[in-house]
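What follows is each chain in one-letter form.
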Amino acid sequence: MKLPALLSIFTFTIFTSQVHALETIEDQYEEFNYLKKIEECIDDIVNSGLYDGSQDKVNQYCKVKIIKKDFNPGRYAKRILEEKMTELNPFVITPHKPSYILPIVISDNFNSKEYEYFDGYAEGMKEVEAKYQLSFKIPLNTGDIFIRGDGAYFAMTIQAWWQLYSSQISKPFRETNYQPELFYRAPLPWNPFGGNTGFMLAFEHQSNGQTQILSRSWNRIIGSLIYEKGDYMFMLKPWHRIRESDKTDPLSPKGDDNPDIEDYMGNYELYGAYAYNDNNKLSVLIRKNWRTGNGAIELNYTYPLYGKLIGTIQYFSGYGESMIDYNHKQQKLGLGIALTEIF
């Protein structure tokens, strides 16, 4: 190799090393500046006389306060950051998915077939019932794990369908679904179109807590990609179902209760939300199995009622409105009150 070529390679190597060194210095300076701002915030709180000795809570508050100043959060990111400020407070329950109470839910194709094994039970059910969803999460870490602003959580979502108007059969809870999950959530450094991105990894169990013939359940590993900007957010949520062994007998407690559930529930969800303003918000959830053509759509609209009361309208069409209905197609319309919203 000629001397000019060797000099060119040598010069390029030195230039690349210098650029890398400068980037490393910039990263170190940014981290130093970040930690210094947090320390100054903590000092301000301690010197104000409001410090109660809760070091973890003050650190979390100051960390989030500094992060909020470093980028332009939309409504969804603001919600996450505001939750982080209080999630270590033992007197605060942090919401996860939206929580609501729907005193009136009506179906155009009510599923009573699954209950025909119990004498008089199916005949006494009404097509109008009540429904509620409660959802919360608990942080499993007090500081950053891998990425600034990340977090690990345990979450629980409970849905219940209550035959409130079926006095003939003593107004039972027809179906209850339990959805515990462990998940990790973190921001990403990409900001396409001026928005913010993040991802989630989760292990989730979902079941209806029933035995034998009414039992439904599945376990999933879920990955989610999140994009949010201003008044809207989108989340693509594909999953992989963890397979179970086949049942040897339909009444056996062991084995897969619903081996064909993916034929109806699909392999992903697409979720989106938009805020027309602080009071009026719309969210949409879509599931689809392109091989079978089965899926579902759910729309939720929230609006102001009175004071802090938030009205909500929920429309559902398709399969899987509950675990017992995973292979039953229907349309449902519900009216009620939202306790928490997506943002």
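Residue indices begin from 1 for each chain and proceed along its sequence in written order. Residues qualify for local features only when their pLDDT is at least 70, as the model is predicted, and side-chain atom pairs are given and counted only at 80 or more; totals for whole chains, interfaces and linings, by contrast, use all residues. Side-chain measures were taken over the full set of non-hydrogen atoms in the model, leaving aside hydrogen atoms and water.

A. Main features of the packing of aromatic side chains. Classification of ring pairs uses Phe, Tyr and Trp, with its six-membered ring standing for Trp, and accepts pairs whose centres are within 6.5 Å; under 30 degrees between planes counts as stacked, over 60 as edge-to-face, and the remaining range as tilted. Across all of its chains, the model carries twelve aromatic pairs by this definition. Measuring from centroid to centroid gives 6.4 Å for Tyr 132 and Phe 173, while their planes differ by 80 degrees, and the two rings are edge-to-face. Of this pair, Tyr 132 sits in strand 3 (residues 128-139) while Phe 173 sits in strand 5 (residues 173-188), placing them 41 residues apart in sequence. For every residue, the accessible area obtained with a 1.4 Å probe (protein chains only) is divided by the maximum for its type, and the residue is called buried under 20%, exposed over 50%, and partly exposed between those limits. Owing to a relative accessible area of 41%, Phe 173 belongs among the partly exposed residues under this scheme. Grouped by ring-pair contacts, the aromatic residues Tyr 132, Trp 162 and Phe 173 constitute a single cluster. A ring is considered to have a charge above it if a Lys NZ or an Arg CZ atom is located within 6 Å of its centre and within 35 degrees of its normal. Lying across the ring of Trp 239, Arg 220 places its NZ or CZ 4.4 Å from the centre. Residue placement shows Lys 288 over the ring face of Trp 290; its charged tip is 5.3 Å from the ring centre. Helix numbers and strand numbers start at the N terminus; a helix is a DSSP run of H or I with at least 4 residues, a strand a run of E with at least 2.

B. Region of interest: the layout of surface pockets. The definitions used throughout rest on a 1 Å grid laid over the protein atoms alone, on which a cavity is an enclosed set of points accommodating a 1.4 Å probe that cannot get out and a pocket is an open set flanked by protein within 12 Å on both sides along at least five of seven lines; lining residues are those having an atom within 4 Å of a point. Grid points are joined across faces, edges and corners, and a volume is the space filled by probe spheres set on the points. The volume enclosed by the largest pocket comes to roughly 740 Å³. Among the secondary structure elements, those contributing two or more residues to the lining of the largest pocket are helix 2 (55-70), helix 3 (75-86), strand 5, strand 6 (196-207) and strand 7 (217-229). The leading source of residues in the lining of the largest pocket is helix 3, at five residues. Tallied by class, the residues present in the lining of the largest pocket amount to 14 nonpolar, five polar and six charged. Each residue receives one of three labels: charged for Asp, Glu, Lys and Arg, nonpolar for Ala, Val, Leu, Ile, Met, Phe, Trp, Tyr, Cys and Pro, and polar for the others, Gly being one of them.

C. Looking closely at helix 3. Multiplying 1.5 Å by the residue count of a helix minus one yields the expected span of that helix. For helix 3, built from twelve residues, the straight-helix expectation of 16 Å at 1.5 Å per residue is met to within 8% by its first-to-last C-alpha distance of 17 Å. Buried residues of helix 3: Arg 75, Tyr 76, Ala 77, Arg 79, Ile 80, Leu 81, Glu 83 and Lys 84, and no others.

D. How the structure looks around the packing of helix 2 against helix 3. With axes taken as lines fitted to C-alpha atoms, and helix axes fitted only over the stretch in contact, angles between N-to-C directions fall between 0 and 180 degrees. Close contact between helix 2 and helix 3 brings their axes to 7 Å; oriented N to C, the two are set at 160 degrees. In terms of axis orientation, helix 2 runs roughly antiparallel to helix 3. Crossing geometry of helix 2 relative to helix 3 is assigned as left-handed. Here helix 2 contributes Gln 60, Tyr 61, Val 64, Lys 65, Ile 67 and Lys 68 to the contact with helix 3, which in turn contributes Leu 81, Glu 82, Lys 84 and Met 85. For classification purposes, angles smaller than 35 degrees are called roughly parallel, those larger than 145 roughly antiparallel, those between 65 and 115 roughly perpendicular, and all remaining angles oblique. Whether a crossing is left-handed or right-handed is set by the direction in which the near helix is turned from the far one by less than a right angle, anticlockwise for left-handed and clockwise for right-handed. Any two residues whose heavy atoms approach within 4.5 Å are treated as being in contact.

E. Examining the pairing of strand 8 (residues 232-242) more closely. Burial of the side chains of strand 8 is restricted to one face: Met 233, Met 235, Lys 237, Trp 239 and Arg 241 are buried, whereas none of Tyr 232, Phe 234, Leu 236, Pro 238, His 240 and Ile 242 on the reverse face is. Bridge count between strand 7 and strand 8: nine bridges; the pairing is antiparallel. Its bridge partner being in strand 8, Glu 228 is matched across the sheet by Met 233. In sequence, strand 7 turns back onto strand 8 through a hairpin of two residues, with Gly 230 there showing a positive phi of about 55 degrees. One bridge is not enough; two strands pair if DSSP finds at least two bridges between them. Here strand 8 runs beside strand 9 (residues 268-275); their pairing, made up of seven bridges, is antiparallel. What sits directly across from Tyr 232, in strand 9, is Tyr 274.

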